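Listed here are the chains, written in short residue letters.
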Amino acid sequence: MDVRMIDFQSHDDERGCLVVAETTKEIPFDIKRLYYIYDADSKTTRGFHSHKRLQQVYIGIHGSMKVTLFDGVEKREVILDNPKQGLYIGHDVWRTISDFSPGAVLLVAASELYSEDDYIRNYDEFLASLDER
Ligand code: T46
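Because the structure is a prediction, the values reported are computed rather than measured.

The rules behind the values
- Residues numbered from 1 in each chain as written.
- Predicted model: local features only at pLDDT ≥ 70, side-chain atom pairs only at ≥ 80, totals over all residues.
- Heavy atoms only, no water.
- Pairing = 2+ DSSP bridges.
- Helix = DSSP H or I, 4+ residues; strand = E, 2+ residues; numbered from the N terminus.
- Buried < 20%, exposed > 50% of the residue type's maximum accessible area, 1.4 Å probe, protein only.
- Contact = heavy atoms within 4.5 Å.
- Axes fitted to C-alpha atoms, helices over the stretch in contact; angles between N-to-C directions.
- Core = buried A, V, L, I, M, F, W, Y, C linked by side-chain atoms within 4.5 Å.
- Near = heavy atom within 4 Å.
- Polar contact = N/O pair within 3.5 Å; in protein donor to acceptor, adjacent residues only side chain to side chain.
- Nonpolar A, V, L, I, M, F, W, Y, C, P; charged D, E, K, R; others polar.

1. Notes on the pairing of strand β7 (residues 65-70)
Then step 1. With six bridges connecting them, β7 and strand β8 (residues 75-80) associate as antiparallel partners. Opposite M65, over in β8, you have L80 as the bridge partner.
Then step 2. In sequence, β7 turns back onto β8 through a hairpin of four residues, with G72 there showing a positive phi of about 100°.
Then step 3. Pairing of β7 with strand β10 (residues 94-98), which is carried by five bridges, proceeds in the antiparallel orientation. Counterpart to T68 in the pairing with β10 is T96.

2. Notes on the environment of Y36
Then step 1. Here Y36 is to be found in strand β4 (residues 33-38).
Then step 2. Since its relative accessible area comes to 56%, Y36 is described here as exposed.
Then step 3. If we skip the residues at most four places from it in the chain, Y36 touches V105, L106 and L107.

3. Focus on the sheet that holds strand β11 (residues 105-110)
Then step 1. Read across the open sheet, the five strands follow the order β1-β9-β6-β11-β4; overall the sheet is antiparallel. The strands lining the two open edges of the sheet, one partner per strand, are β1 (3-7) and β4. With strand direction ignored, the average angle separating the axes of adjacent strands in the sheet is 25°.
Then step 2. Two elements, strand β6 (residues 56-62) and strand β9 (residues 85-89), share three bridges in a ladder whose sense is antiparallel. Bridge assignment links Q56 to a residue of β9, and that residue is I89.

4. Thoughts on the nonpolar core
Then step 1. Ranked by size, the top nonpolar core spans 17 residues in total, and within it Y58, L69, L80, L87, I89, F100 and L106 carry the most contacts.
Then step 2. At the level of secondary structure, the elements contributing two or more residues to this core comprise β7, β8, β9 and β11.
Then step 3. Ranked by residue count, the leading element in this core is β7, at three residues.
Then step 4. If sequence neighbours within four positions are ignored, L87 has contacts with V3, R4, M5, Q56, V57, Y58, V67, L69, V78 and L80.
Then step 5. Within the second largest apolar cluster, eight residues are counted, among which are I6, F8, F29 and Y88.

5. So, the site of the ligand
Then step 1. In the neighbourhood of the ligand, 14 residues make up the surrounding shell, with R33, R46, H51, Y58 and Y119 lying closest.
Then step 2. Contacts to the ligand include R46, whose side-chain N or O atom sits 2.6 Å from an oxygen atom.
Then step 3. Here R95 contributes a side-chain N or O atom positioned 3.4 Å from an oxygen atom of the ligand.
Then step 4. When contributions to the shell around the ligand are tallied by element, the ones reaching two or more residues are β4, β5 (46-51), β6 and β10.
Then step 5. Here the element with the most residues in the shell around the ligand is β5; it accounts for four residues.
Then step 6. Tallied by class, residues from the shell around the ligand come to six nonpolar, four polar and four charged.

Next up, the structure:
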């Protein structure tokens, strides 16, 4: 599965922690877009889609959330609860995001500008797209 955890540079001292993620070092693409999700209800599940080309890095900036991933072969669950790490997700991976803790913030770095054409939001279409790969 084209998914992996990334460790960021962290500069910690008595003033607090400063975490750095740089393109070409920790982030394996040029970042074209940032967005973040907060105020998500703990009972809410988001996502339910794959991307045709988009690569992303998810960062659980605050609190925790569960990311469930499926690439047609393997299923994986990842808890994001460490702001010093990111979760890289390549394209063609079906994902859901759930179990947001109160106050949780998910920051996402994306390799492309927003384009609805890049989404596959129908699960049967996602499975069919894997056969076309
Ligand atoms: C992902 C997870 C973590 C925009 O207009 N621009 C954007 O850059 C994005 C990401 C979304 N939108 C619009 C599209 C929808 O009308 O915002 C609305 C909510 O988006 P969506 O239903 O796709 O939200 P999630 O949480 O299901 O998925 C989003 C990202 O789309 C997705 O790539 O990995 O967050």
